[in-house]
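# Residue-level structure breakdown
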Amino acid sequence: MAILAQLIDDVVANKFELEQGRLTLGRHPECDIQINDIAVSGKHALIEVEPNPFIEGMLDVYISDMGSTNGTFVDDQPVGKKQRLNNNDVLRLAWNKFQFIESTASTLEKTAYALE
């Protein structure tokens, strides 16, 4: 199971379970994960959860920026197009932090990506 944990002062404030499909993050009320911060764009980022092509039953999680004003970052690196998330990555939408936690991360999965 994958979780997106919202961090406030490095303390988990909210947890969002990530299931297969697409989730929008932003300030707009129609977003799946709504962030009430003026620095966050209406539709700021997109998270996509897809089946892993190498390991049956595993899911991969990707993030992409949706043309936001203040950017989407993974481990302080700007995100443009679709980028795969790894366990314990820290996401930042404008100044809002989230940690990606994947409880099923395994050595086998890491090996599969090293072979790509």
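Below is a short write-up of the structure. What you see is a predicted model; the values in this text were computed from it and never measured.

Attention shifts here to the sheet that holds strand β4 (residues 33-34). Sheet strands pair by backbone hydrogen bonding; their relative direction is either parallel or antiparallel. In spatial order, the strands read β4-β3-β5-β6-β9; together these five strands make up an open sheet with mixed pairing. Looking at which strands have only one partner, the edges of the open sheet turn out to be β4 and β9 (83-84). As paired elements, strand β3 (residues 21-26) and strand β5 (residues 45-51) share five bridges and run antiparallel to each other. Among the inter-strand pairings, Gly21 is bridged to a residue of β5, identified as Val49.

A few words on the pattern of salt bridges. Under the definition given, this model contains four salt bridges. A salt bridge links Arg22 to Glu48; the nearest nitrogen and oxygen atoms lie 3.3 Å apart. Here Arg22 is found in strand β3, whereas its partner Glu48 is found in strand β5, with 26 residues between them in sequence. Given the relative accessible area of 13%, Glu48 is considered buried.

The next thing to look at is the nonpolar core. The biggest cluster of nonpolar side chains holds 22 residues, and the ones touching the most others in it are Leu4, Leu18, Leu25, Ile47, Val61, Ile63 and Leu91. Looking at this core, the elements with two or more residues in it are β1 (2-8), β3, β5, β6 (59-65), β10 (90-93) and β11 (96-102). No other element matches the three residues that β5 contributes to this core. For Val61, the residues in contact, after removing those within four places along its chain, are Ala2, Leu18, Ile47, Glu48, Val49, Gln83, Arg84, Leu85 and Phe100.

Right, let's get into the packing of aromatic side chains. To describe a pair of aromatic rings, one takes the distance between the centres and the angle between the planes. On inspection of all chains with the given rule, the structure shows zero aromatic pairs. Against the face of Phe73 rests Arg92, its NZ or CZ located 4.1 Å from the ring centre.

Along the chain, the position of Asp65 falls in strand β6. One buried charged residue, Asp65, forms no salt bridge at all, with the nearest opposite charge on Arg92 at 10 Å. Within the structure, the side chain of Asp65 is placed 2.9 Å from the backbone nitrogen of Gly67, a separation counted as a polar contact. At 2.6 Å, the side chain of Asp65 forms a polar contact with the side chain of Ser68. In contact with Asp65, not counting residues within four places along its chain, are His44, Ala45, Gly71, Thr72, Val79 and Gly80.

Calculation criteria
Within each chain, residue numbers correspond to sequence positions counted from 1 in written order. Per-residue local features are limited, in this predicted model, to residues with pLDDT of at least 70; the limit for side-chain atom pairs, both in listing and counting, is 80 or more; totals at the level of whole chains, interfaces and linings are taken over all residues. The side-chain values count all of the structure's non-hydrogen atoms but skip hydrogen atoms and water molecules. Two strands are said to pair when DSSP picks up at least two bridges between them. The way it works is that DSSP assigns letters per residue, a run of H or I at least four long becomes a helix, a run of E at least two long becomes a strand, and they are numbered from the N terminus. Salt-bridge detection follows one rule: a side-chain nitrogen of Lys or Arg within 4 Å of a carboxyl oxygen of Asp or Glu. Note on exposure labels: buried denotes an accessible area under 20% of the residue type's maximum, exposed denotes more than 50%, and partly exposed covers the range between, all computed with a 1.4 Å probe on protein chains only. The set of buried Ala, Val, Leu, Ile, Met, Phe, Trp, Tyr and Cys residues whose side-chain atoms join them within 4.5 Å is what this entry labels a nonpolar core. Whether two residues touch is decided by their heavy atoms; if any such pair falls within 4.5 Å, the residues are in contact. A pair of Phe, Tyr and Trp rings is counted when the ring centres sit within 6.5 Å of each other, with Trp represented by its six-membered ring. The angle between the planes then sorts it: under 30 degrees is stacked, over 60 is edge-to-face, the rest tilted. Whether a charge lies above a ring is judged from NZ of Lys or CZ of Arg, which has to be within 6 Å of the ring centre and within 35 degrees of the ring normal. Positive charges come from Lys and Arg, negative ones from Asp and Glu, while His and the chain ends are left out of the count. Here a polar contact is taken to be a pair of N or O atoms separated by no more than 3.5 Å, where protein atoms must pair a possible hydrogen donor with a possible acceptor and residues adjacent in sequence count only if both atoms sit in side chains.

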